[in-house]
Amino acid sequence: MHNEKFDLNLLAVFDSLLRERSVTRAGEQLGLSQSAMSHAVNRLRSFFDDPLFVKTGQGMLPTPKSESLAPAILDLMATIRAQVLSQAQFDPAVARRAFTLCMTDMGELVFLPPLIKRLRKLAPHCTLRSRQVPVPQIEPLLASGEVDLVLGSLRAAPSGLFQQQLFMHKFVTLVSVKNAEVGDALTLDQFQRMPQIVVTLAGRSSEAYDSAIEEQGIKRNIYLSTPHFLVVPLLIDQHPDLIATVPQELGNVFAGYGSVRVLEPPMPLPSFALRQHWHPRFHQDPAIVWLRELVKETFDAYPVIPD
């Protein structure tokens, strides 16, 4: 694809650089060698008379000129993928594609291990990329094709997105194995009195969990609020008087480390659905259809994971 002044294949190079922020990763995604990518980048810079991407400690960052071009190029490439390339069949055994999933650090612990196992077996040349973004950014990232699927528990998913339930999860309370005060069951008095770690994720089911606690008139002794799940078992191990209430799937992972015990909360709490979300523009994209089916099949009977 080209005209007298501009080779339209360079748009794919520009698009990949916008996504990957790395010449090496962009080349791998496009199946181009390092020298071919460098040649393509130089041609882009020459045509637009601008560096376009500048090497920094955070990767190849776009210049103001590049940022002004980005919306049109991302939209054009998304249209090509959705309306042209989507007509082709997707063969996972030979496909070379980087799938991008949006999830929290909790989602990475729950979703990634079984997905990586099955993806390596069924699509050995495809790779995964995980991103964590604020809820307001989800819809535009899905619409542009920068993110393929969103996995997790969203209280108010952006309007217009398709969604599919994967499984239900409930909450459990984590207690240090060093904590001698708590026996086989956690009392309501202990729950209200002991200092707690609370994970706060805007727009996610953790907010609904907080509301369910407050609606029952239960007062918590909140010592630390954090947006990160991964620090919870480390802090509880170092400070055995702390407790935390987290989704059961995550609690089971943490209990496997041997530093915490999983107990039922001393009050009834609702269960929440974990779903996958995608944009209507890519509803018929064979690659995304295949990925959605893989995710659904993997987690349909969670925690039983098919081989």
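So, how was this worked out
Here the residue index of a chain counts from 1 through its sequence in written order. pLDDT decides what is reported in this predicted model: residues at 70 or higher carry local features, side-chain atom pairs at 80 or more are listed and counted, and totals for whole chains, interfaces and linings draw on all residues regardless. Remark: hydrogens and water are excluded; side-chain values derive from all non-hydrogen atoms of the structure. UniProt positions are given in the numbering used here, feature names are shortened, and annotations may be inferred rather than shown by experiment. To define axes, lines are fitted to C-alpha atoms, for helices over the stretch in contact only, and angles between the resulting N-to-C directions are given on a 0 to 180 degree scale. By definition, any uninterrupted DSSP run of H or I lasting at least four residues is a helix, any uninterrupted run of E lasting at least two residues is a strand, and each is numbered from the N terminus. An angle below 35 degrees is treated as roughly parallel, one above 145 as roughly antiparallel, one from 65 to 115 as roughly perpendicular, and anything else as oblique. Only heavy atoms matter for contacts: two residues are in contact if any of them lie within 4.5 Å across the pair. Amino acid classes used here: Ala, Val, Leu, Ile, Met, Phe, Trp, Tyr, Cys and Pro are nonpolar; Asp, Glu, Lys and Arg are charged; the rest, including Gly, are polar. A helix is expected to span 1.5 Å for every residue after the first. Here a polar contact is recorded for every N or O atom pair within 3.5 Å, except that within protein the pair must consist of a potential hydrogen donor and a potential acceptor, and residues adjacent in sequence are included only if both atoms are side-chain atoms.

Looking at an unreviewed UniProt entry, one finds the chain named PCP degradation transcriptional activation protein, with Achromobacter pestifer as its source organism. Note on the chain: under the UniProt heading Sequence similarities (unreviewed entry), the record states "Belongs to the LysR transcriptional regulatory family."

Draft legend 1. The arrangement of the packing of helix α5 (residues 105–122) against helix α10 (residues 248–255) in detail. Viewed as axis vectors pointing N to C, α5 and α10 meet at an angle of 75°, and their least axial separation amounts to 10 Å. Between α5 and α10, the crossing angle belongs to the class labelled roughly perpendicular. Touching Met106, Leu109 and Val110 of α5 are Glu249, Leu250, Val253 and Phe254, all from α10. Residues belonging to the contact of α5 with α10 are distributed by class as follows: six nonpolar, no polar and one charged.

Draft legend 2. Broad picture of the UniProt feature "domain: HTH lysR-type" (unreviewed entry) in the chain. With numbering aligned to this structure, UniProt lists the feature "domain: HTH lysR-type" (unreviewed entry) at residues 6–63. A helix fraction of 59% and a strand fraction of 14% characterise residues 6–63, whose end C-alpha atoms lie 20 Å from each other.

Draft legend 3. Quick look at helix α11 (residues 286–299). The terminal C-alpha atoms of α11 lie 20 Å apart, and with 14 residues this matches the ideal 20 Å at 1.5 Å per residue to within 8%. Against the buried residues of α11 lie β3 (98–102), α5, β5 (149–152), β6 (162–169) and β12 (272–278). The N-terminus of α11 is capped by Asp285, whose side-chain oxygen sits 2.9 Å from the backbone nitrogen of Ala287.

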